[in-house]
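# Architecture at a glance
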Amino acid sequence: MINQTNWNELKEIGSYLREVPFKVDRSSLYHAAELYAGYDPRQEESFAHCYDQLVYSHYIDKGKRPACAHEALARSLHDYHVCMALDRFLAAHDPRRCVGVMGGHALERTDEIYRSIVHISKQLTEHGFLMLSGGGPGAMEATHLGAWLAGHDDNDVRQALEMLEEAPAYTDSGWIASAFRVINRFPQERFESLGIPTWLYGHEPSTPFATHIAKLFENSIREDNILTFAYGGIIYTPGSAGTMQEIFQEAVQNHYLSFGFSSPMVFMGTHFWTNELPVYPLLQQLTQAGRYKNLLLSLTDDPQDIIRTIRQFREQG
């Protein structure tokens, strides 16, 4: 039996869930047009009033770990429904064709590595792979830009990169506006990509180049999803602490064959991964000592080697 006290509590919860600035029971993934609703590329200051930033402001105001149980419930319900929508989206894709790219959010658009990621992602998308990332700036944006430009010729890619050069870093004025100019100049209606960003890092804008966006409040769920759904392999580009964490988290999944098989761990940047952050020789050493098993490791500076490695794994499956 529901007594009057319980009924009043339920009404209070229902009222709170209706008043938060996000839909707790959404039935679909986000799209850039929805996250950036209210943003006018001609007015940089309008970014602060778009849907994405209004939710982020609410998130910060209520606390990253909210003391309010109603707020915690609202976020949990939101993330649950986004994850259900994510499952439905991925059900239409071959798991071994889902490939992740990890790397630094600070990677600038003018960097050669950024351009290499664009070309790798573009070619893999054209070969039928679904590219996914954390959905933010830097290496993540390059992943989705490449997927967005799939089907376009090299001249279009060159023009798009030139258009983005005016705002190399995500902290630069015009970073989002230049992305929307590229989107309008080179429309995409055939190929898809998946971004999985989080409001925990809401100060980093989500890339509008991702055609499908599973934006979550809980970062741990987000990180697990990225690593779990990249059954077709993960390409590690130079990064820092976050990328390091993702490397060892993925190594554990592969070691235990958590999903029935091991996925390729492809490291892009020989000098970086053997000298600046010597993770690759450490993984080799741990594998040789039997501390890790089942790891499919490769290290290269050649984008075509990366594409071949990913495609060969799919063909063997």
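The structure contained in this document is the topic of the report that follows.

So, how was this worked out
- Residues numbered from 1 in each chain as written.
- Predicted model: local features only at pLDDT ≥ 70, side-chain atom pairs only at ≥ 80, totals over all residues.
- Heavy atoms only, no water.
- Helix = DSSP H or I, 4+ residues; strand = E, 2+ residues; numbered from the N terminus.
- Buried < 20%, exposed > 50% of the residue type's maximum accessible area, 1.4 Å probe, protein only.
- Contact = heavy atoms within 4.5 Å.
- Pairing = 2+ DSSP bridges.
- Lys, Arg positive; Asp, Glu negative; His and termini not counted.
- Salt bridge = Lys/Arg side-chain N within 4 Å of Asp/Glu carboxyl O.
- Axes fitted to C-alpha atoms, helices over the stretch in contact; angles between N-to-C directions.
- Parallel < 35°, antiparallel > 145°, perpendicular 65-115°, else oblique.
- Left-handed = near helix turned anticlockwise from the far one by under 90°.
- Nonpolar A, V, L, I, M, F, W, Y, C, P; charged D, E, K, R; others polar.
- Core = buried A, V, L, I, M, F, W, Y, C linked by side-chain atoms within 4.5 Å.

### Things to note about the side chain of His-58
As for its position among the elements, His-58 is in helix α3 (residues 51-62). Under the relative-accessibility criterion, His-58 is labelled buried at 14%. Setting aside residues no more than four positions away along its own chain, His-58 makes contact with Tyr-16, Val-20, Pro-21, Phe-22, Glu-71 and Arg-75.

### Considerations on the sheet that holds strand β3 (residues 193-195)
Taken together, 7 strands build an open sheet; the order of strands is β4-β3-β2-β1-β5-β6-β7 and the sheet is parallel. Either end of the sheet is taken by a strand with one partner, and the two such strands are β4 (212-213) and β7 (296-300). As paired strands, strand β1 (residues 98-102) and strand β2 (residues 130-133) are joined by 3 bridges and run parallel to one another. Paired with Val-99 across the two strands is Met-131, which belongs to β2.

### A look at the side chain of Glu-204
Along the chain, Glu-204 turns up in the loop between β3 and β4. Despite its burial, Glu-204 pairs with no opposite charge; the closest candidate is Arg-222, at 6.1 Å N-O. Those residues within four positions of Glu-204 in sequence are excluded, and the remaining contacts are His-105, Pro-137, Met-140 and Tyr-170.

### Examining the packing of helix α10 (residues 241-255) against helix α12 (residues 279-288)
Each pair of packed helices can be summarised by the angle the axes make with each other and by the distance between the axes. Orientation of α10 relative to α12, taken along the N-to-C sense of each, is 20 degrees, at an axis distance of 12 Å. It follows that α10 is roughly parallel to α12 by the angle criterion. Every pair of crossing elements has a handedness; the one defined by α10 and α12 is right-handed. Contacts between α10 and α12 involve Met-244, Ile-247 and Phe-248 on the former and, on the latter, Val-279, Leu-282 and Leu-283. Among the residues making up the contact of α10 with α12, the classes are represented as 6 nonpolar, no polar and no charged.

### With respect to the environment of Ala-139
Structurally, the position occupied by Ala-139 is in helix α6 (residues 139-148). Remark: the alpha-carbon pair of Ala-139 and Pro-238, spanning 99 residues in sequence, is separated by 8.6 Å. If near-sequence neighbours (up to four positions away) are discounted, Ala-139 is found in contact with Val-101, Gly-103, Gly-104, Leu-107, Ile-117 and Thr-237.

### Description of the nonpolar core
In terms of nonpolar packing, the biggest core is built from 90 residues, with Tyr-36, Leu-145, Ile-235, Tyr-236 and Phe-267 touching the most fellow members. Beyond its immediate sequence surroundings of up to four residues, Tyr-236 is in contact with Met-102, Leu-227, Thr-243, Glu-246, Ile-247, Glu-250, Met-265, Val-266, Phe-267, Met-268 and Trp-273.

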